[in-house]
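Each chain is listed here by its residues.
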Amino acid sequence: MADTVLYTQPYGAISLAPEIPCLVVTWYGFANSEQFRELMDQGLALYRAEAQRTQPLGWLADTRGHSAIRTADQEWLTTDWDLRAYLAGIRHVCFVVPDSVVGQITVNTYSSNALDSTEHPITTSQHRTLAEAKTELRAILLDQ
């Protein structure tokens, strides 16, 4: 079953993969702070809407095309977005790892920060392919 594109921008897109089920946030390349936060917030709004119809529902970040984000955006993820994501029901984020080393550092930093949170812990996993990430996320959701 093909993913359904729900939202798209030049720097990324959000799709629904109903067979998992999960939202897939795909990054095409660099996004400035405003673009990064907008896509993450749009994804969370779409997640909330879909979660009213679909439970459990996962979050998958296809970051193969992603690069670095600013430290301020990493802090925003940790102090703002993660809490809202946790309250929306996100407990695990599956990543398709970036091709670039800088992008990999970004994913590793997010993963470390998310795991360190005692108030709203979100676990993560990293995968080499989209198919592998979807398979893992489906298994995680079935165990919930």
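Just above sits the structure.
Source: prediction; values computed, not measured.

S.K.: Before we move on, could you go through helix α4 (residues 130-143) and cite the residues and values that matter?
M.R.: A turn of α-helix holds 3.6 residues, and therefore any two residues three or four places apart point the same way. Given a rise of 1.5 Å per residue, 14 residues ought to cover 20 Å, and the 20 Å separating the end C-alpha atoms of α4 matches this to within 8%. Of all the residues in α4, the buried ones are Ala133, Lys134, Leu137, Ile140 and Leu141. The buried residues of α4 all sit within an arc of 130° when viewed along its axis, so they share a single face. α4 presents Ala131, Thr135, Leu142 and Asp143 as exposed residues on the side facing more than 90 degrees away from its buried surface.

S.K.: Give me the lowdown on the environment of Lys134, citing residues and values where you can.
M.R.: Along the polypeptide, Lys134 turns up in helix α4. For Lys134, a relative accessible area of 12% translates into the label buried. Between the C-alpha atoms of Lys134 and Arg48, which are 86 residues apart in sequence, the distance is 20 Å. If near-sequence neighbours (up to four positions away) are discounted, Lys134 is found in contact with Asp3, Ala17, Glu19, Ile20, Val24 and Leu60. Among the polar contacts made by the side chain of Lys134, one reaches the side chain of Asp3 at a distance of 2.9 Å.

S.K.: Talk me through the pairing of strand β4 (residues 58-62); I want residue IDs and the actual numbers.
M.R.: Of all five residues in β4, five are buried; the element is thus mostly enclosed. Across the two faces of β4 the burial is the same, with Gly58, Leu60 and Asp62 and Trp59 and Ala61 all buried. Inspection of the sheet shows strand β3 (residues 22-27) paired to β4 by five bridges, in the parallel sense. Counterpart to Cys22 in the pairing with β4 is Gly58.

S.K.: Which residues make up the pairing of strand β5 (residues 92-96), and what values do they have?
M.R.: Across the five residues that make up β5, a large majority, five, are buried. Tracing the backbone out of β4, into helix α2 (residues 71-88) and back to the parallel element β5 gives a crossover that is right-handed. As paired strands, β5 and strand β6 (residues 123-127) are joined by five bridges and run parallel to one another. Bridged to Phe95 within β6 is Gln126.

Thresholds, definitions, all that
Residues numbered from 1 in each chain as written. Predicted model: local features only at pLDDT ≥ 70, side-chain atom pairs only at ≥ 80, totals over all residues. Heavy atoms only, no water. Helix = DSSP H or I, 4+ residues; strand = E, 2+ residues; numbered from the N terminus. Expected span 1.5 Å × (residues − 1). Buried < 20%, exposed > 50% of the residue type's maximum accessible area, 1.4 Å probe, protein only. Arc of directions from axis to C-beta. Contact = heavy atoms within 4.5 Å. Polar contact = N/O pair within 3.5 Å; in protein donor to acceptor, adjacent residues only side chain to side chain. Pairing = 2+ DSSP bridges. Right-handed = clockwise from strand over helix to strand, strands pointing away.

By themselves, these observations are geometric and do not establish any function.
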